[in-house]
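Each chain is listed here by its residues.
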Amino acid sequence: MDLPELTLRPELLAAGFSDPELRRLVRAGRLTPVRRGAYVLGSVPDDVLARHALAVEAAIGELAPDAVVSHVSAAVLHGLRIWGLRLDRVHVTRPRRSGGRRGSLVHVHTAAVDPREIVVIAGVAVTSLARTVADLARMLPFEQAVVLGDAAMFHERADRASKADLLSALDAEPRRPGTRAARRAIAFSNGLSESVGESRSRVAIAEAGLPPPVLQWEVRAAATGAFIGRVDAGWPGLRTVGEFDGLVKYGRTLRPGQDITEVLVAEKLREDALRDEDLGVVRWIWADLTDFAPTARRLRSRFRPN
């Protein structure tokens with residue numbers, strides 16, 4: 001992610017600014033504090049993940065040399081999709097048995113860290129992708145852990161982790177609390193889910209007792225073999241497709257200069273083509289994921305064995 005340049009107070013003082021001048025620049029909105037003694041020019045980014053990445057950068061200089069950015073902070077620096085995680089503290093791990101603390105700005109964890117579990121991102125020591133997922137999956141509820149595991153395994157990531165990588169990271173410390181639950185979440189994870197909404201949908205489908213869908217099913221016309229479209233979830237043997245409608249999904253498909261109306265019309269034509277293949281189409285939105293039971297009933301009502 002592109003971040004505004006962080007400037008530290010000692011650098012500004014060395015450049016000839018005084019503390020009263022810095023306070024005036026802050027009041028005028030020309031400088032914005034990220035934390036005490038760390039500023040960005042202008043305002044901080046609107047994106048909460050970018051703001052957290054800045055908070056990590058600002059905290060690094062005040063941490064012990066052996067501290068490694070970890071947990072949710074590492075997930076942000078790795079660019080993982082996350083859902084429902086607090087970003088009010090920077091998380092680091094120190095390789096020692098004791099001395100952990102939870103401050104107002106920094107949460108210091110203590111645990112063994114193998115040098116092979118450390119990578120460098122933008123000059124910062126960070127737990128590896130697999131170790132980051134393992135650490136968080138031990139602490140998170142199943143649904144949030146699946147979102148994270150799906151993101152780490154996402155097939156379009158250049159540095160994606162395999163399921164074996166994630167399980168191996170858990171096996172490195174099999175007696176840590178939460179390992180059994182983390183193993184269940186990672187076993188369920190799949191690199192084909194393309195968004196938080198799709199990951200949560202898979203969890204909701206499983207919890208509703210529905211058959212596992214084929215993810216990213218490519219539907220073709222029975223008569224000609226022509227490609228009709230790729231759907232989020234499909235039940236080929238039950239002649240049904242399911243689509244999660246997140247607003248971001250349509251924004252992703254926009255070409256430069258293209259209007260959202262064009263995309264929606266194309267989506268309508270695509271859905272008509274799916275129905276012409278005698279497929280039932282069921283759509284759901286974010287609000288439906290909170291109570292999936294009505295959507296599950298709609299899916300069951302569309303299921304028709306070949």
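Quantities reported herein were computed from a predicted structural model and do not represent experimental measurements.

Enquirer: Provide a residue-level description of empty space enclosed by the protein, including the pertinent values.
Expert: Summed over all chains, the structure comprises one cavity of 30 Å³ or more. Considered as a void within the structure, the largest cavity measures approximately 60 Å³ in volume. Surrounding the largest cavity, Glu198, Ser201, Arg202, Ile205, Leu215, Asp232, Ala233, Phe244 and Trp284 form its lining. The set of elements that each furnish at least two residues to the lining of the largest cavity consists of helix 9 (196-207) and strand 11 (227-235). Of all the elements, helix 9 adds the most residues to the lining of the largest cavity, at four residues.

Enquirer: Before we move on, could you go through the environment of leucine 105 and cite the residues and values that matter?
Expert: Relative to the assigned elements, leucine 105 resides in the loop between strand 6 (101-102) and strand 7 (106-110). Through-space distance from the C-alpha of leucine 105 to that of aspartate 171 is 31 Å; in sequence the pair is 66 residues apart. Apart from residues no more than four positions distant in its own chain, leucine 105 is found in contact with Arg35, Asp88, Arg89 and Val90.

Enquirer: Residue-level account of the nonpolar core, with values.
Expert: The biggest cluster of nonpolar side chains holds 30 residues, and the ones touching the most others in it are Leu80, Ile82, Val133, Leu148, Leu166 and Ile186. Going through the elements one at a time, helix 4 (71-78), helix 5 (129-137), helix 6 (142-153), helix 7 (163-171) and helix 8 (179-188) are the ones with two or more residues in this core. With seven residues, the single largest contributor to this core is helix 6. Not counting chain neighbours up to four residues away, the residues in contact with isoleucine 82 comprise Leu49, Val72, Ala75, Val76, Leu87, Val147, Leu148 and Val196.

Enquirer: Provide a residue-level description of the pairing of strand 3 (residues 38-41), including the pertinent values.
Expert: Pairing geometry for strand 1 (residues 6-8) and strand 3, over three bridges, is antiparallel. Of the residues in strand 3, the one forming a bridge with threonine 7 is tyrosine 39. Relative to strand 3, strand 2 (residues 31-35) runs antiparallel, the two sharing four bridges. Within strand 3, the position partnered with proline 33 by the bridge is tyrosine 39. Counting the residues that bridge the hairpin from strand 2 to strand 3 gives two residues, and of these glycine 37 lies at a positive phi of roughly 85 degrees.

What counts, and at which threshold
- Residues numbered from 1 in each chain as written.
- Predicted model: local features only at pLDDT ≥ 70, side-chain atom pairs only at ≥ 80, totals over all residues.
- Heavy atoms only, no water.
- 1 Å grid on protein atoms, 1.4 Å probe; cavity = no way out; pocket = protein on both sides within 12 Å on 5 of 7 lines; lining within 4 Å.
- Points joined across faces, edges and corners; volume = space filled by probe spheres on them.
- Helix = DSSP H or I, 4+ residues; strand = E, 2+ residues; numbered from the N terminus.
- Contact = heavy atoms within 4.5 Å.
- Core = buried A, V, L, I, M, F, W, Y, C linked by side-chain atoms within 4.5 Å.
- Buried < 20%, exposed > 50% of the residue type's maximum accessible area, 1.4 Å probe, protein only.
- Pairing = 2+ DSSP bridges.

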